[in-house]
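# Per-entry structural report
Next come the chains, spelled out residue by residue.
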Amino acid sequence: MLRKTSERIMSDREVLLDLDYAGELQPMDCYGSLHNGGFIPQRYLSTAATGDRLEEDDNDDPIYIHCDARTSQPAPPVGNYFRDGRTKIDFVLVWELRSRKKRRSKGRGAGAGGDEVGAEEESRSEKHHAQLARWRDKFTQNLWTAGLLVEKEVTSSEKKTIHYLKLNAPWEVLLYYAEELCLRAPLQAQPNPDFNSSARVLRKLCIPNIMEQSVPNRPLDYYTCAFRKSKMEKFLGCEKRDTYFTNTQRHRIVYEILSRTLYGKRKRAEVGVARLLNEGAFTAAFPLHEGPFELPDYEVRPDELNQRQVLFHYWARWSRWYKYQPLDHIREYFGEKIALYFAWLGFYTAWLLPAAVVGTFVFVSGVMSMGSNTPAKEICSSGSSFLMCPLCEKCQAWNMSDICPMAKMGYLFDHPGTVFFSVFMSFWAVTFLEYWKRKMATLAHHWDCMDFHEEEERPRPEFAAMAPAMEHNPVTGVKEPYFPEKARLSRMLTGSMVIVVMLCVVMIFLVTVIMYRGIISVKMYDTGSAVLRTQAGNIANISGSMVNLALILLMGQVYTALAEQLTKWEMHRTQTQYEDAFTFKVFVFQFVNFYSSPFYVAFFKGRFVGFPGHYGTLFGMRNEDCGPGGCLIELAEQLFIIMVGKQLISNVQEFVIPKVKAWRQKRALDKVRGPRLSQESRRWEEDYQLVECEGLFEEYLEIVLQFGFITIFVAAFPLAPLFALLNNWAEVRLDAHKFVCEYRRPVAERAQNIGVWFNILEALSHLSVIVNAFLIAFTSDFLPRLLYQYRFDNNLTGYVNFTLAYAPPSYTNHSMCRYKAFRDNNGSYTLVYWELLAVRLGFIIAFEHVVFFVLRAIDWMVPDVPESLELQIKRERYLAKQALADNQLLQATRPLAT
């Protein structure tokens, strides 16, 4: 039926990419013919007028041949294949159509106010559906013209029809794009390298390693070089066409074609499947999973499991929480970008173990030494010796001995060990990042992406749709959508003003929480209960932290949606520019959102209280003072509630939300399948029921914010690394389960690092040094105690009296009451205050200079690329040149796992 020509389908790039090419193309095998339900190009049909198409039923698409379910058809093959059982399904496009009756009833419902309005709405809806149909037809025709094989499946009911378009890239198409995309090809196999340093150490010490596991079908390692079709015979496995390209490579090639294919006019940038998804022409586009993730009921050898089953059984199950992650398998199935995320998360979690051990030891040492805390002993035994000034206008004077339990508890978070731990964590953070750079370089080399750089990116679909003009791209010379740089900068400036306004809203909420704590404290005192009066500050602080957490989560959701709209409005040309701008906006906001309250407690609370008779006020209320146990214990409470509460809520959301979405999608699809529910679902139907993968942004953001908590405020909360470690053990399995079991398979993306997130981690690690220096100097009692030991008594006897001042004589409410400050009887600062200020500033300067000097030394001593890796790279280059004997065409070699 189809005319054959002598022209090869892949002989000329213009034939592939010029969608207005008028010549005929040789079809692959028999796809596109009548007997197999394949796609038939529009130009070979004698009918298909646009007007006729609109009058036909939605299920009768004239550019396809459909198989009637009532006719005798052979059973579909098991696996991801076309109906012939041999041609692989590399990609699936899905779209849904309502029946005409459903659309008409919807139009009549919209026009309840008048028949003319209803008719106009129905006409607009019909035109929109017709436009989407024409785009789909043109897009599918151009996919076939570009060399892809296509086959269609339909699932229908009375109300809705779901269309599945299966795509396959033939051998010649794969060869052409493998060379164009610079895929790596294997030259020589080599043993898999052992990157696990902990396993090597345990092996040398002859200690059994319970974390090690034998995962079947580990991808081989190869010496590789850039693929060249002319050197095909030099590559390993070139005779096996079905298995030469991995499934992820096939997916990447097909997605590249989908991204380049036109569906409308080139001058309007109507190109690519991403924009068709945004326009609603397709509802989904995804590669298929390799099969079910559940293990079969019958006994099967491990090496007979499919890749998805291997990942589920040896990685995603909760029982594997203590095992090493099979990173090579993850990379082979999901691509380098996702594999690098899990490698980073696992590496970070492993490094949290020593930090958690040291932090727990510091906390336990504080518990054990509580009895030797002389100031706490003095407070507990003082009786009525220290009559303290009232904490509010309605409050009564109180004895310092009333806060004996809080004084003892405060020592847990404010003792010399916390100073050591803050220094330790500063070194830990920078050393972790230095060794991650080495690990990242090793993995990038092993996974063939060390020299990977993004190609000249095409414009984003939204940018192409909204850009007001067309200009020549200076790199490619092709006309592309263009948005004036001046207008973009103006929009970015306006967007930054919106960010400032939102940050002001965060400050308003912070003031609201401060006032809430003051009101709760007053209410506790009004009850008359001695217990409530004693614990009023703690109750107000804990409840205020919970309210603050709720506001943080609410504002985070609101701002993320706002930042997404702002970033779209700024008209960034490429997806990378868009993601970087969006990441910056959200992180800046979330940084202020999460850390503003801890910063306030650490550095501002209790600094502007004033003194008896001259108290500072905020909206008529006295400024907050630190509680009886000091500000560090309140900071620890805040960090515990915000950090741990956020982690618990996030984990519950990650566990519940994908399951709810998948259940709703499955329920909707089951309604369409109707009578076929008793039959086993096909692979594309099962994958369509899954949740669309939304990327790694939320995953990175959650862990990076956690990194800030365990480094910036670690002096006040030594148990933070322990809680982070427990959370991350769960996080790895939650994320693994989502990607393997609940998400549609994402397109494999290449990457050589974790991107802008590494820069954010470096900034946080340096900020933590400065914050911890100020925290020890101004919030902790470490330096006042040190000064007292040096000047007066090494055993801190009399230290409590040293820190208390007498109320001025003008304060007649409670004469001779005491308050914590270094002031004289007139409220002026004493000489001790200025001496202590000098000590604090000197400590900050010394702390920062010493720590930053050691950090720079660590950076200098630990090279970013291991010496052994550099030697291996040079040797691989030599071997590749010798193998191909073509120095002009070769690039640097890499090991590739296939």
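Refer to the structure printed above.
Bear in mind that the values here come from a model prediction, so they are computed numbers and not experimental data. (Residues numbered from 1 in each chain as written. Predicted model: local features only at pLDDT ≥ 70, side-chain atom pairs only at ≥ 80, totals over all residues. Heavy atoms only, no water.)

Across the 9 residues that make up strand S3 (residues 160-168), a large majority, 8, are buried. Pairing analysis gives 8 bridges linking strand S1 (residues 91-98) to S3, with the strands arranged antiparallel. Paired with Phe 91 across the two strands is Leu 167, which belongs to S3. Here strand S2 (residues 149-156) pairs with S3 via 8 bridges, running antiparallel. Opposite Lys 152, over in S3, you have Leu 165 as the bridge partner. Adjacent in sequence and paired antiparallel, S2 and S3 are bridged by 3 residues. (Buried < 20%, exposed > 50% of the residue type's maximum accessible area, 1.4 Å probe, protein only. Helix = DSSP H or I, 4+ residues; strand = E, 2+ residues; numbered from the N terminus. Pairing = 2+ DSSP bridges.)

As a further point, take the sheet that holds strand S6 (residues 284-286). Taken in spatial order, the 4 strands of this open sheet run S2-S3-S1-S6, and their pairing is antiparallel. The open sheet has two edge strands with one neighbour each: S2 and S6. This sheet shows a mean twist of 15 degrees between the axes of neighbouring strands, independent of strand direction. Sitting on the sheet, helix H8 (residues 247-260) touches S1 and S3, and the angle it makes with S1 is about 50 degrees. Each of S2 and S3 is contacted by helix H21 (residues 631-673), which is oriented at about 100 degrees to S3, the strand it contacts most. (Axes fitted to C-alpha atoms, helices over the stretch in contact; angles between N-to-C directions. Contact = heavy atoms within 4.5 Å.)

Let us now look at unusual backbone geometry. With phi around 60 degrees, Cys 206 is a residue other than glycine that occupies positive phi space. In this structure, Cys 206 sits in the loop between helix H6 (197-204) and strand S5 (221-226). Under the relative-accessibility criterion, Cys 206 is labelled exposed at 69%. For Asn 217, which is not glycine, the phi torsion reads 60 degrees and is therefore positive. Here Asn 217 lies in the loop between H6 and S5.

What follows concerns the packing of helix H10 (residues 307-316) against helix H24 (residues 720-742). Look at H10 against H24: their axes get within 10 Å of each other, and the N-to-C directions meet at 165 degrees. Here H10 is positioned roughly antiparallel relative to H24, judged by the angle of their axes. In this structure, H10 crosses over H24, and the sense of that crossing is left-handed. Note on element contacts: H24 touches H10 through Val 732, Arg 733, Ala 736, His 737, Val 740 and Cys 741, opposite Arg 308, Leu 311, Phe 312, Trp 315 and Ala 316. Residue composition of the contact of H10 with H24, by class: 8 nonpolar, 1 polar and 2 charged. (Parallel < 35°, antiparallel > 145°, perpendicular 65-115°, else oblique. Left-handed = near helix turned anticlockwise from the far one by under 90°. Nonpolar A, V, L, I, M, F, W, Y, C, P; charged D, E, K, R; others polar.)

Here the focus is helix H23 (residues 697-712). In this model H23 runs 22 Å from its N-terminal to its C-terminal C-alpha over 16 residues, within 8% of the 22 Å that 1.5 Å per residue would give. Counting buried positions over the 16 residues of H23 gives 15, a clear majority of the element. (Expected span 1.5 Å × (residues − 1).)

The subject of this paragraph is the pairing of S5. Look at any regular strand and the pattern is simple: side chains alternate between the two faces of the sheet. In terms of burial, S5 is a largely internal element, 6 of the 6 residues being buried. Bridge analysis of strand S4 (residues 184-190) against S5 gives 6 bridges, and the strand direction is antiparallel. In the strand pairing of S5, Gln 190 is matched with Asp 221.

Turning to the packing of aromatic side chains, a few remarks are in order. One pass over the full model with this rule turns up 64 aromatic pairs. With 6.1 Å between their ring centres and 40 degrees between their planes, Phe 432 and Phe 707 make a pair best called tilted. Highlighted residues: Phe 432 in helix H15 (residues 416-446) and Phe 707 in helix H23, separated in sequence by 275 residues. Among the residues examined, Phe 432 registers a relative accessible area of 0% and is labelled buried. Phe 707 sits in the buried class, given a relative accessible area of 1%. Ring plane angle 80 degrees and centroid distance 6.0 Å describe the contact between Tyr 829 and Trp 834, whose orientation is recorded as edge-to-face. Residue classification places Tyr 829 among the partly exposed positions, given a relative accessible area of 37%. For Trp 834, a relative accessible area of 48% puts it in the partly exposed group. Above the face of the Trp 684 ring, Lys 166 is positioned so that its terminal group lies 4.4 Å from the ring centre. Over the aromatic face of Tyr 806 sits the side chain of Arg 818, whose NZ or CZ is 3.9 Å from the ring centroid. (Phe/Tyr/Trp six-rings, centres within 6.5 Å; stacked < 30°, edge-to-face > 60°. Lys NZ or Arg CZ within 6 Å of the ring centre and 35° of its normal.)

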